[in-house]
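The chain contents come next:
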Amino acid sequence: MELVKVKRNYQITIPQNLRKIIRLTVGDYVEVDIQDDTLVIRPVKVIHPDQEYFFTKEWQEKEAEADKDIVEGKMVGPFENAPDALRALKKTPQ
């Protein structure tokens, strides 16, 4: 257990060894709550609304499928230009 001092404006410093354990870095957000008579501080990852789609189950499944296809060589390209890419796509079975 670490002892920290409440400073001006009620600020506290989270000790380095604890920050490392929970991988907390400058700019991260934390959630502060009371459970019984205990102050609980939890790290929270905030996702920008423009990037929420990437973290959906469906998107991650498709990313995993694409990664597997790449490993298995199930891909075409790279291409020097767009017309070559379009010709290859038209030949590729769906």
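Residues numbered from 1 in each chain as written. Predicted model: local features only at pLDDT ≥ 70, side-chain atom pairs only at ≥ 80, totals over all residues. Heavy atoms only, no water.

Caption draft 1: Broad picture of the overall build of the chain. Helix and strand content of the chain: three helices and two strands. Starting at the N terminus and ending at the C terminus, the chain contains elements arranged as α-β-β-α-α. In terms of C-alpha radius of gyration, the chain reaches 24 Å, well past the compact-globule figure of 12 Å for 94 residues. Taken along the three principal axes of its C-alpha coordinates, the chain extends 65 × 30 × 25 Å. Nonlocal contacts in the chain, meaning residues at least 24 apart in sequence, comprise 2% of its contacts between residues at least 6 apart. (Helix = DSSP H or I, 4+ residues; strand = E, 2+ residues; numbered from the N terminus. Rg over C-alpha atoms; globule rule 2.2 N^0.38 Å. Contact = heavy atoms within 4.5 Å.)

Caption draft 2: Structural view of the confidence of the model for the chain. On average, the chain scores 92 in pLDDT, and the residues at 70 or more come to 98%. Mean pLDDT across the elements of the chain ranges from a minimum in helix H3 (residues 82-91), with 90, to a maximum in strand S1 (residues 29-35), with 96. (pLDDT = per-residue confidence, 0-100.)

Caption draft 3: Structural context of the environment of Val76. Among the secondary structure elements, Val76 is positioned in the loop between helix H2 (57-71) and H3. Look at Val76 and you get partly exposed, because its relative accessible area is 48%. Sequence spacing of Val76 and Ala88 is 12 residues, and the spatial spacing of their C-alpha atoms is 7.4 Å. (Buried < 20%, exposed > 50% of the residue type's maximum accessible area, 1.4 Å probe, protein only.)

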